[in-house]
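Chain by chain, the residues run as shown.
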Amino acid sequence: MNYKIIGKRVKRVEDPRLLTGGALFVDDVNLPDMLHAAFLRSDYAHARIKSIDTSQAAALPGVVGVFTAEDMGEDWEPGPPLVSPPPTLENVTFHSRRQVPLVKDKVRHAGEIIAVVVAESRYIAEDAVEEIQIDYEPLPAVVNLEKCLHPDSPLVHEDLDSNLAAHLVQKKGDYESARAEADLIIKRRFHLDRGAAAAMENRGLVVDWNAKDQHLMVWDATQSPIPIRNGMAARLGLRTHQVRVVAPFVGGGFGPKIMMFYAEEMVLPWLTMKLNRPVKWIEDRRENFYATTQEREQIQEVEMALSKEGRILGIKQSIIHDTGAYNPYGLTTPLNTQSHSMGSYDVENYESELTVVFTNKTIVTPVRGAGRPQGIFVVERLLDIASRELGIDSRDLRRLNFIDPDDFPYNHQIIDQAFTELVFDSGNYLPVYEKALEAIGYDRFLQEEQPRLRQEGKHVGIGVVPFIETTGVGPYEGARVAIEPSGKVSAATGVGTQGQGHMTSFAQIVAEALSVDVEDVSMVTGDTAEIHWGTGTFASRGAVVAGNAVLAAAQDVRQKALTLASKILETPEEELELDGGLVRVADIPEQSISLGELAVLANPFRGAVEPGTEPGLESTKYFGPAYGATAFGVHALILEVDPETMMIKLLKYVTVEDCGTMLNPLIVEGQIHGGVSMGIGNSYYEKLHFDENGQLLNASLADYLLPTSAEMPPIEVIHLNTPAPNNALGTKGVGEAGAIPVPAAFIQALENALPEYELEILETPLSPNRLFELLHKQEENQ
Amino acid sequence: MKVEGEHLFKGTPQQVWELFRDTDVMAAALPGTQKMELVEDRKYQAVMQVRVGPVSGEFSGELLLSDEDYPRSYTMSVEGRGKPGFLKGVGDVVLTEQAEGQTLMGYSGEVQIGGRLAAVGQRLIDTVSKSIISQAFETLDRLLAERMVAAGEGREAAIDSASQGDYAAAVARDLLAASWMKWVLGALGLIIVVVILVIALF
């Protein structure tokens, strides 16, 4: 479709406010009479609480109150289960254990909240926290993913027989028969470890109960204001309209800000209603390392069966997935791992056993990529190994196994994260792959540059990895679009914004449908007063699910404007057109009426609104896809490694992305850049080190290494377009794409740079230290 | 975290054993110790001020001796808790008689740390604990010598503890061994020079 505004590189309209300090973040909210909360968090990963003495803390001047689980009385209850297990699968074991507002009897991870202090300032509150005396009985911690299933392991939840949180098997075809026919079986064990989302803005809340108004106002740095509003109202016994949740500008989400409900989100609203004063809490960085959810740890054993020609006949997989101390987010993340373990390939036989375990570590919920990088990592690593063992060019191996473009929609016959059939709606993988090989200069690099640089003593390597990303899943999202009497357009959607540029990309959709300028569209996201229904920002779904709802609402408003204008201008609708904020007769442009005038007339003071019509030029529409839209792409990179210092320099980085119709290429590229930097962190820098007692050893940004601009290469982003067939815009998500294939491509390039070591790396994240160990182990073996 | 090492004392195993049983001596030897007392047989209580990088605060804890084989070996268990976190450790101490009335003390143990101390102080804890140990041995050597002299003269041995200043100097010295610290100090020096220049110019 030929769009005038959609797909254009429109500069982000929110940026002037963001760049000049004019945007509201939760920490900017300061109310008269506001109190401050600080939390006492457990130093132990696993310990029984024998007694709590808050008397000294409560006696400090400026302290308003100190509260424990006991003080909450009957209001104490665990958080709601966010996602239940898939009802569509048989023989699923799932033990739901949800996080609690304040620990009653036993702490299950370091950083879990035992008490809260409310004081006149944060300083006083923090000082008072140090005065709380807790008598702990330390218990041995459950940390190791395999040992935790041993019969004599300590238990995270003692009412269960073991630390098993969930178990299921997904099958497609008949792997055992495929295995019997195979010429080559490759079996490897993979260990993928934890990282932090490390958003620039930590979590935070300001809550304000107005007893006279009987209204609760909440500012929350959340990705999902509407479910938070619904949940808070339910917990507090209020009507949903008595609670307004605003997620103002949020400095990065990446998944953990949707882990409804965090303990703080349960405790603070309760406090403001109890104390009748506003209360504020802003998470500090160390709290963020302990208390904000994390992701990625899995141990996998994966077997790939291949023919001697290189066809993948089947994959058999066993995943142990760490869910941390509780599992409010159900099975979303490991189901995503299964959905991506066949990668971009046509695999007829697949058998995957999933074992989810409880450990005494921070809760695991999706972090940008959400289980997908682990799936792509194992399948791409196995193909790299197969290429060596079969003596087939790794590129030919991939070309041979890609799903054929004629096979779409491609039904994978397993269940995806949304519990619907895993169907890839559309795709065309070969052109994207060839484009990436060409753009990175694959042949020239191997034939000319690499040998030349080797002669100069430089260790350079290349990695090229294709991936898919299931995006844009349901259940639904809504949008409200209205033309104001001024002629400007206001629009709202329930998804929160954490830097994605929604105020621009969604405004482009409205502007396109109503033929107005982007600047004349005022887009609001993340305010429950603006729209009542919705879910949130997650699973790379904003552009697909909210985007198409915005389109539907805007098109409906357009229709309403045309209908009314037709009556006023006494011209059939077919002869009218919208342009520059006017509805006019196509042949006689001077016969026109502005959208603003129409908006005034649509809300009459006299006469009557006709039966079957509504006042105003306003519409609210919803969009809920039956299944997701599958984006895909290829990342290609060249890196140099110094085998003395183990430091790495990325020399070139190319991504070829196909996310269907782009709303705004500038924003898509920004998403890719951010995702790649996260993927580079996941590959070589960002690892959370827990010791055998469940203590996090690098809970500061001095010790937990985030890639900085110095580690980032320039990134070339190339776009191809295979429109999504199941939504009007043809969009697919791209929010997580950038992070997904990076570890697989990075490790492929690292091995390629160090051929003399014959490395086979089956883990991430690496680090200079870890690479040093691996190289020396290889030297000993050789 | 593993802690192990050895130290040669200029005294007999019996003298070293007695030295370690003197709570005043131990309080003087361990930097930051504010109180140490015997509460029951082989059980001591102590309060210690600890600073590890950005983490500081008071620890109170218990020290328990067991499996004693006078004057050859014993096991020591420590459990401490404080605002900066907690620590828990078990270690074995072995005294071996050497020539010329000397004693080699070997120690090895496993220490578990948690809370802010582990999370933020991790990077420095190795250096800091080595500093504490080496400084403790310096003080103990001095006190042992003083005891022997005092015994010869038939008087009470005087106990002079190392000051906080001595301790800070020891930590700084050990940290300087790590090259990154030189960078930090170098950078600080540079900043100071720049500040002085700016003040001088305006």
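To be clear, the structure that these remarks concern was listed above.
Residues numbered from 1 in each chain as written. Chains lettered and ligands numbered in written order. Predicted model: local features only at pLDDT ≥ 70, side-chain atom pairs only at ≥ 80, totals over all residues. Heavy atoms only, no water.

Chemist: For this particular structure, what's the right way to read the overall build of chain A?
Modeler: Within chain A, the regular secondary structure consists of 19 helices and 30 strands. By the compact-globule yardstick of 28 Å for 782 residues, chain A fits well, its C-alpha radius of gyration being 28 Å. If you line up chain A on its principal axes, its C-alpha atoms span 90 × 75 × 50 Å. Looking at chain A as a whole, 63% of its 782 residues qualify as buried. Taking the intrachain contacts of chain A between residues at least 6 apart in sequence as the baseline, contacts between residues at least 24 apart amount to 80%. Here chain A displays about 29,200 Å² of accessible surface, and carbon together with sulfur accounts for 49% of that area. Distance between charge centroids for chain A: 1 Å, based on 67 positive and 111 negative side chains. (Helix = DSSP H or I, 4+ residues; strand = E, 2+ residues; numbered from the N terminus. Rg over C-alpha atoms; globule rule 2.2 N^0.38 Å. Buried < 20%, exposed > 50% of the residue type's maximum accessible area, 1.4 Å probe, protein only. Contact = heavy atoms within 4.5 Å. Areas by Shrake-Rupley, 256 points an atom, 1.4 Å probe, with all protein chains shown as cover. Lys, Arg positive; Asp, Glu negative; His and termini not counted. Charge placed at Lys NZ, Arg CZ, Asp CG, Glu CD.)

Chemist: Sorry if this is basic, but what is going on with the sheet that holds strand S2 (residues 47–53) of chain A here?
Modeler: Backbone-to-backbone hydrogen bonds pair the strands of a sheet. The strands run either parallel or antiparallel. Residues and elements named next belong to chain A. In space, the three strands of this open sheet follow the order S5-S2-S7, with antiparallel pairing throughout. Here the strands that pair on one side only, and so sit at the sheet edges, are strand S5 (106–107) and strand S7 (133–138). Two strands pair when backbone bridges link them, and S2 and S5 are joined in this way by two bridges, in the antiparallel orientation. Looking at S5, one finds that Arg48 is bridged to Lys106. (Pairing = 2+ DSSP bridges.)

Chemist: What exactly am I supposed to notice about unusual backbone geometry here?
Modeler: Glycine aside, the phi torsion of most residues is negative, and most peptide linkages are trans. Residue and element names in this part refer to chain A. Between Phe408 and the following residue, Pro409, the backbone shows a cis peptide bond with an omega angle of -5 degrees. With respect to the secondary-structure elements, Pro409 resides in the loop between helix H11 (394–401) and strand S17 (410–415). The omega torsion of the bond from Gly474 to Pro475 falls at 0 degrees, within 30 degrees of zero and hence cis. You can see Pro475 is positioned in the loop between strand S19 (459–471) and strand S20 (477–483). A positive phi is found at Phe419, a non-glycine position, where the angle reads about 65 degrees. Looking at the secondary structure, you find Phe419 in the loop between S17 and strand S18 (421–424).

Chemist: How should the nonpolar core be read in this particular structure?
Modeler: Soluble, globular proteins show a tendency: their nonpolar side chains are buried together. Counting residues in each nonpolar core, the largest one holds 91 residues, and the members touching the most others are Ile315, Val464, Leu639 and Leu750 of chain A. Core analysis: the second largest hydrophobic core is formed by 78 residues, Ile114, Val117, Val207 and Ala263 of chain A among them. (Core = buried A, V, L, I, M, F, W, Y, C linked by side-chain atoms within 4.5 Å.)

Chemist: Hey, could you run me through the packing of helix H9 (residues 332–340) of chain A against helix H10 (residues 372–390) of chain A in this one?
Modeler: Residues and elements named next belong to chain A. At a minimum axis separation of 7 Å, H9 and H10 run at an interaxial angle of 30 degrees. What the angle tells us is that H9 and H10 run roughly parallel. Once H9 is placed against H10, the crossing between them reads as right-handed. The segment H9 lies against H10, with Asn336, Thr337 and His340 engaging Arg372, Gln374, Gly375, Ile376 and Val379. Split into classes, the residues belonging to the contact of H9 with H10 amount to two nonpolar, five polar and one charged. (Axes fitted to C-alpha atoms, helices over the stretch in contact; angles between N-to-C directions. Parallel < 35°, antiparallel > 145°, perpendicular 65-115°, else oblique. Left-handed = near helix turned anticlockwise from the far one by under 90°. Nonpolar A, V, L, I, M, F, W, Y, C, P; charged D, E, K, R; others polar.)

Chemist: I tried to follow the pattern of salt bridges on my own but got confused; where do I start?
Modeler: Working definition: two side chains of opposite charge can pair if their charged atoms are close together. Residue and element names in this part refer to chain A. Tallied over the full model, the rule gives 66 salt bridges over all chains. As a salt-bridge pair, Arg277 and Asp33 come within 3.2 Å of each other at their nearest N and O atoms. Residue Arg277 is located in the loop between helix H7 (263–275) and strand S13 (279–282), and its partner Asp33 is located in the loop between helix H1 (15–19) and strand S1 (35–41); the two are separated by 244 residues in the primary sequence. Measuring nitrogen to oxygen at the nearest pair gives 2.5 Å for the salt bridge that ties Arg179 to Glu303. You can see Arg179 sitting in helix H5 (residues 175–181) and its partner Glu303 sitting in strand S14 (residues 298–306), a full 124 residues away along the chain. Given a relative accessible area of 35%, Arg179 falls into the partly exposed group. By relative accessible area, which is 7% here, Glu303 ends up buried. When salt bridges with common partners are traced through the structure, they connect Arg41, Arg122, Glu126, Arg203, Glu264, Glu283 and Glu287 into a single cluster. (Salt bridge = Lys/Arg side-chain N within 4 Å of Asp/Glu carboxyl O.)

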